[in-house]
Amino acid sequence: MKYDIVVIGGGIVGLATALRIKQQQPSLKLALVEKEKTLAAHQTGHNSGVIHSGIYYKPGSLKAKNCIRGYKMLLDFCNQHGLAYELCGKVIVATSPDEVPQLEKINSRGIQNGLTDLKRISKEELREYEPHVNGVEAIVVPQTGIINYKEVASKYAELLLGLDAEIFTGQKVNDILTSGGEAEVITNKQSFRTRLVVNCAGLYSDKIARLTSEKLNLKIIPFRGEYYELKDEREHLVKNLIYPVPDPNFPFLGVHFTRMIEGGVEAGPNAVLAFQREGYTKSDINFKELTETLSWPGFQKVAFKYWQTGLGEMYRSFSKAAFTKALQKLIPEIQEDDLKVAEAGVRAQACDREGGLIDDFLILEEKAAINVCNAPSPAATSSLSIGQTVSELVLKRFGLEAQKVEFA
């Protein structure tokens, strides 16, 4: 089966990338290959559903550029196709005076990234937004919203099929052979010949990249994020979204409260090492994958550097009381009995050999492939912009001009 492009990975980034390619060059023959029987089964399907504003990210970084552009593209897309979302806003809360300087840095980044109407508020003003929150100061971010990303991904797939792309599910990529400027993508069921592979394989993006690249200096480390959900009678404690001031040295935002578009309030996540790449529970263990993680020199350096933080995260994983205590920093009224276990997610975090947890999106080009090797949060918000970025690389490879085809 011969194609111009084969996209590997049927999550929101893979679908958005395939869609932007077909929208800009409908003549290109494209196939999308997904190993699961359903699309959006992993990071997209376990997403907490936040539309990120772009306030946290380093100005000029791929995260900042793609989140800001992707935010507008996502809202335009939802408006055009009647997908539900709500721009409810969020507060980022300093719970002690020593967190205020970091709060100021976050506010400054937001302004540099072009966010308007950010508002610094006092302890007293915070009570007007979130009456039950404890804090000495906060930032109101009106751009933040909530959405169901599985619905967005489903609409991407529907439009993609309408543009004569082909989607193959239940096909795990086992190998990629390259020769004569072409590639052969071999799955457990068939093979696809293609001029170019686009790798959007998420938790397995490094393994797919290694099939076309001999010098990949990174490994995906899976971090499980565990959540609780507030019981119905305690949902009144949270009006919208409540975030702490994040640790600037750790690429996670800390436990927070998220009101969901379908109703309900999530509390979390923590960030613990998953014992397999799709390890959604503590008992999910793949010894081969765990050994690969533990033996990676970069992970060993990360573990040495952050062992205290890691132990704290692991303790909260096994202790509901400790998890509750972390949440009480933001809402002192929260009690253990207010929380019920919710679904966990797994974040694909790229880690280089030197021990760097890669903080930005990372797209690497090879002769036969374009590899999206690091696309953690805010990748869902940024999905159409990441897709646009990759599609521009694709069209450049083929010497084609983008057609002015928008969200048709």
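Residues numbered from 1 in each chain as written. Predicted model: local features only at pLDDT ≥ 70, side-chain atom pairs only at ≥ 80, totals over all residues. Heavy atoms only, no water.

Caption draft 1: Summary view of the nonpolar core. Counting 45 residues, the largest nonpolar core has Ile-5, Val-152, Tyr-156 and Val-394 as its most contacted members. Not counting chain neighbours up to four residues away, the residues in contact with Val-152 comprise Ile-12, Leu-74, Cys-78, Leu-83 and Ile-147. Counting residues in hydrophobic clusters, the runner-up holds 29 residues, among them Val-33, Val-185, Tyr-280 and Ala-369. (Core = buried A, V, L, I, M, F, W, Y, C linked by side-chain atoms within 4.5 Å. Buried < 20%, exposed > 50% of the residue type's maximum accessible area, 1.4 Å probe, protein only. Contact = heavy atoms within 4.5 Å.)

Caption draft 2: View of the packing of helix H7 (residues 287–295) against helix H8 (residues 297–305). Contact pair H7 / H8: the axes reach a minimum separation of 5 Å and the direction vectors enclose 70 degrees. As judged from the angle between their axes, H7 and H8 are roughly perpendicular. Residues Thr-293, Leu-294 and Ser-295 of H7 form the contact with H8, whose own contacting residues are Pro-297, Phe-299 and Gln-300. For the contact of H7 with H8, the per-class residue count stands at three nonpolar, three polar and no charged. (Axes fitted to C-alpha atoms, helices over the stretch in contact; angles between N-to-C directions. Helix = DSSP H or I, 4+ residues; strand = E, 2+ residues; numbered from the N terminus. Parallel < 35°, antiparallel > 145°, perpendicular 65-115°, else oblique. Nonpolar A, V, L, I, M, F, W, Y, C, P; charged D, E, K, R; others polar.)

Caption draft 3: Highlighting the packing of aromatic side chains. Tallying each qualifying case throughout the model produces five aromatic pairs. For the pair Phe-77 and Tyr-156, a centre-to-centre distance of 5.0 Å together with 75 degrees between the ring planes defines the contact as edge-to-face. One end of the pair, Phe-77, is in helix H2 (residues 62–81); the other, Tyr-156, is in helix H5 (residues 149–162), and 79 residues separate them in sequence. Per residue, the accessibility class of Phe-77 equals that of Tyr-156, and both read buried. Measuring from centroid to centroid gives 4.9 Å for Tyr-228 and Phe-323, while their planes differ by 75 degrees, and the two rings are edge-to-face. Within this pair, whereas Tyr-228 is found in strand S14 (residues 228–230), its partner Phe-323 is found in helix H10 (residues 320–328), the two being separated by 95 residues in sequence. Grouping residues by exposure puts Tyr-228 and Phe-323 together as buried. Within the aromatic cluster, the residues linked to one another by ring pairs are Tyr-3, Phe-168 and Phe-192. Positioned above the aromatic ring of Tyr-243 is the side chain of Lys-90, whose terminal nitrogen or guanidinium carbon lies 3.8 Å from the ring centre. (Phe/Tyr/Trp six-rings, centres within 6.5 Å; stacked < 30°, edge-to-face > 60°. Lys NZ or Arg CZ within 6 Å of the ring centre and 35° of its normal.)

Caption draft 4: Structural view of the sheet that holds strand S5 (residues 90–94). Reading across from one edge, S6-S7-S5-S15-S16-S17-S14-S19 is the order of the eight strands in this open sheet, with mixed pairing throughout. The open sheet has two free edges, formed respectively by strand S6 (119–122) and strand S19 (339–341), since each of these has just one partner strand. Across the sheet, the mean angle separating the axes of adjacent strands is 30 degrees when strand polarity is ignored. The pairing of strand S16 (residues 256–259) with strand S17 (residues 265–268) spans four bridges and is antiparallel. The residue bridging Thr-258 from the neighbouring strand is Glu-266, located in S17. The sheet contacts of helix H3 (residues 100–112) involve S5, S6 and strand S7 (137–141), and relative to S7 the element is tilted by about 20 degrees. Here H10 sits on the sheet and contacts S14, S16, S17 and S19; the angle it forms with S17, its principal contact strand, is near 105 degrees. (Pairing = 2+ DSSP bridges.)

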